[in-house]
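Read off the chains here:
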Amino acid sequence: MGKICFFDIDGTLLDSNKRVPQSTKEALHLLKQNGVYVAIATGRAPFMIKSLLEELEIDSYVSFNGQYVVFEGEVIYQNPLSKEQLIELETDSKLHGHSMVFMNDVSMKANVKHDRFIEESLGTLHFPHPEQEVSYYKERDIYQALLFCEEHDTALYEGKYSDIQFIRWHPYSMDIVPQGGSKAKGIEQLIERKGFKMEEVFAFGDALNDMEMIQEAGCGVVMGNGVQSLKEHADFITKSVDEDGIYYALKHLKLI
């Protein structure tokens, strides 16, 4: 029976300083030596993870929370957002004074020149405020958008759009992905290509956008620094990313 591990990035592979701990690098190296297939499952865009993929020598990944999947360097699945609903949402968000950022596989653009919420939330990922390009999303496929508003404003949007779902990842920002899209759906596309089954999947995560993959994987591992509601669905809760949590979990699960 084969085994495959999917790792979230922020708060899972990357520590609180946005670096990969040395113990994690060692653990991934040992995993590969042991014949375990290693892949990424992230909410980030492909252009945001290039250097990390090179650093860890990984070429298969699920990005945009499952909407854009690459298997060994080849794009195998794309699930863009509905143009009509993005136009509706942007119109709506302008009425409420909330900014948006639109992302495809190569870049991201904002619909405003500057917004403190954009700067602060993207700053936590070590990314600068994107340039403004108002018609960017109307002219190309968009796999994920970001809506910048506080938690008490979430109710203005949730449930209003049949083809869109919102996942909060920061006090000032929500991911916008196609309804029914998730990391688990992206994982299904990738493992089908490789010939794995869901029960052979080990998934590692820490945040709300990891919920479906933690629930559906054969073994869902939640980081010690993960959100409480995710921990309730874990098969194993490991130590924090800052306490060598990946290495600790892989040892415990006898994968290394």
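Look above for the structure.
Notes on the structure in this doc start here. Only a predicted model underlies this, so the values are computations on that prediction, with no experimental measurement involved.

**As for a negative patch on the surface**
Residues Glu26, Asp242, Glu243 and Asp244 make up a contiguous surface patch of negative charge. Looking at the element boundaries, Asp242 is found in the loop between strand E13 (236-237) and helix H8 (245-252).

**A look at the side chain of Gln67**
Secondary-structure assignment places Gln67 in the loop between strand E3 (61-63) and strand E4 (68-71). We classify Gln67 as buried; its relative accessible area is 1%. Apart from residues no more than four positions distant in its own chain, Gln67 is found in contact with Tyr77, Gln78, Asn79, Tyr143, Val177, Pro178, Gly181 and Ser182.

**A word on the environment of Gln78**
The topology assignment puts Gln78 in strand E5 (residues 74-78). Taking the relative accessible area as the measure of exposure, Gln78 reaches 46% and is therefore partly exposed. In the structure, Gln78 is positioned 108 residues away from Gly186 in sequence and 9.2 Å away in space, judged by C-alpha atoms. Beyond its immediate stretch of four places on either side in the chain, Gln78 contacts Gln67, Tyr68 and Tyr143. In this structure the side chain of Gln78 is engaged in a polar contact, spanning 2.6 Å, whose partner is the side chain of Tyr143.

**Details of the nonpolar core**
Soluble globular proteins tend to pack their nonpolar side chains together in the buried interior. Ranked by size, the top nonpolar core spans 49 residues in total, and within it Cys5, Phe7, Leu31, Phe204 and Leu250 carry the most contacts. Setting aside chain neighbours within four positions, we find Phe7 in contact with Leu13, Leu28, Leu31, Val38, Ala39, Ile40, Ala41, Phe204, Ile246 and Leu250.

**Considerations on the sheet that holds E3**
Read across the open sheet, the eight strands follow the order E5-E4-E3-E2-E1-E11-E12-E13; overall the sheet is mixed. The open sheet is flanked by E5 and E13, the only strands paired with a single partner. In this sheet, E4 lies alongside E3 in antiparallel orientation, the contact comprising three bridges. The partner of Val62 across the bridge, within E4, is Val69. Each of strand E1 (4-7), strand E2 (37-41), E3, E4, E5 and strand E11 (201-205) touches helix H5 (residues 183-194); the most contacted strand, E4, lies at about 25° to it.

The rules we used
Residues numbered from 1 in each chain as written. Predicted model: local features only at pLDDT ≥ 70, side-chain atom pairs only at ≥ 80, totals over all residues. Heavy atoms only, no water. Patch = residues over 30% accessible without salt bridge, like charges linked within 9 Å, V, L, I, M, F, W, Y side chains within 5 Å. Areas by Shrake-Rupley, 256 points an atom, 1.4 Å probe, with all protein chains shown as cover. Salt bridge = Lys/Arg side-chain N within 4 Å of Asp/Glu carboxyl O. Lys, Arg positive; Asp, Glu negative; His and termini not counted. Charge placed at Lys NZ, Arg CZ, Asp CG, Glu CD. Helix = DSSP H or I, 4+ residues; strand = E, 2+ residues; numbered from the N terminus. Buried < 20%, exposed > 50% of the residue type's maximum accessible area, 1.4 Å probe, protein only. Contact = heavy atoms within 4.5 Å. Polar contact = N/O pair within 3.5 Å; in protein donor to acceptor, adjacent residues only side chain to side chain. Core = buried A, V, L, I, M, F, W, Y, C linked by side-chain atoms within 4.5 Å. Pairing = 2+ DSSP bridges. Axes fitted to C-alpha atoms, helices over the stretch in contact; angles between N-to-C directions.

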